[in-house]
Amino acid sequence: MRVADAYGWLMERAGPADPFDLHVVASILALAWAEALAGRGSLPFCAGLDGVALEGLALRLFPGAWPGIAVLAGSPASLGPANLGDDELAVRDLLWMYAGGGTDLQRDLAAMIARRCSRPNHLWQDLGLRDRGELSALMRRHFGALADRNRQDMKWKKFLFRMICRAEGFTLCTAPVCTDCDDFDACFGAEDGEAMLAHIRSGRPLPVY
Ligand code: SF4
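Cut-offs and rules
Residues numbered from 1 in each chain as written. Predicted model: local features only at pLDDT ≥ 70, side-chain atom pairs only at ≥ 80, totals over all residues. Heavy atoms only, no water. Helix = DSSP H or I, 4+ residues; strand = E, 2+ residues; numbered from the N terminus. Expected span 1.5 Å × (residues − 1). Buried < 20%, exposed > 50% of the residue type's maximum accessible area, 1.4 Å probe, protein only. Contact = heavy atoms within 4.5 Å. Near = heavy atom within 4 Å. Nonpolar A, V, L, I, M, F, W, Y, C, P; charged D, E, K, R; others polar. Phe/Tyr/Trp six-rings, centres within 6.5 Å; stacked < 30°, edge-to-face > 60°. Core = buried A, V, L, I, M, F, W, Y, C linked by side-chain atoms within 4.5 Å. Polar contact = N/O pair within 3.5 Å; in protein donor to acceptor, adjacent residues only side chain to side chain.

As annotated in an unreviewed UniProt entry, the protein chain carries the name Nitrogen fixation protein NifQ and comes from Nitrospirillum amazonense.

So, on to helix 12 (residues 156-168). Compared with an ideal rise of 1.5 Å per residue, which puts 13 residues at 18 Å, helix 12 spans 19 Å between its outermost C-alpha atoms and is within 8% of the ideal. Every buried residue of helix 12 is accounted for by Trp156, Lys157, Phe159, Leu160, Met163, Ile164 and Cys165. On its buried side, helix 12 packs onto helix 7 (86-97), helix 8 (104-116), helix 9 (123-126), helix 10 (132-142) and helix 11 (144-149). Two residues or fewer after helix 12 comes Gly169, characterised by a positive phi angle close to 90°.

Another point: the site of the ligand. Close to the ligand lie Met154, Arg162, Cys173, Ala175, Cys178, Cys181, Phe184, Cys187 and Phe188. By residue number, the principal contributor to the shell around the ligand is helix 13 (residues 184-188), which donates three residues. A class-by-class count of the residues in the shell around the ligand yields eight nonpolar, no polar and one charged.

Now for the packing of aromatic side chains. Under the defined criterion, the tally for this structure stands at three aromatic pairs. Ring plane angle 80° and centroid distance 5.6 Å describe the contact between Trp9 and Trp33, whose orientation is recorded as edge-to-face. Residue Trp9 is found in helix 1 (residues 6-12), and its partner Trp33 is found in helix 2 (residues 19-37); the two are separated by 24 residues along the sequence. For the pair Trp9 and Trp33, a shared accessibility class is recorded, and that class is buried.

Bringing the nonpolar core into the picture now. Core analysis: the largest hydrophobic core is formed by 68 residues, its most contacted members being Ile69, Leu146 and Leu160. With 13 residues, the top contributor of residues to this core is helix 2. In this view, Leu146 contacts Leu94, Leu95, Tyr98, Met139, Phe159, Leu160 and Met163; residues no more than four positions away in its chain are not counted.

Among the structural elements, Asn150 can be located in the loop between helix 11 and helix 12. Side-chain polar atoms of Asn150 contact the backbone nitrogen of Met154, separated by 2.7 Å. Dropping the residues within four chain positions of it, Asn150 is found in contact with Trp156 and Phe159.

Structural data, given as structure tokens:
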């Protein structure tokens, strides 16, 4: 199978789960898969899950794909727990705190989103999604109370780290109000760009980051 076909390959092996949730997780895994094959870490590392969590997620959502995923992922037991940096742990905890329902899927999404936040593009791109609207829909669906707090529609990555800074009692802001701030475009500007899976499907190599 070509890495460009990973998303479709996963979706063909999906179980009876919600179609949007399947799409989101297949998108994240397909991009993580491409990164792993490009030598940027193991599949679990790129996805943000430890091996056991990846196996559990795959068996729940894409049961027919696990044997193929396992070849790339390695032995779950041998991978051990994920090694988290402070920022990643903070994003994971923030999302989990706001997870509406506390489901296994939300726990895994919190971990995957936190890992993908370490990539340098817009968060929707680094999750392999088609556009920013899909990320907003994901946040409303699974982290609704947190999405409600992003009333001003700040860029998602900026918003998550701003929430963390506030909780820690300090701020990255250089002005008292956003409308007076020189960084306004960095926080609220358009989140346009090419979808990463479309980029991969076009046959071009992964961007360097
Ligand atoms: S625009 Fe300025 S004040 Fe508003 S969140 Fe961004 S950095 Fe903070």
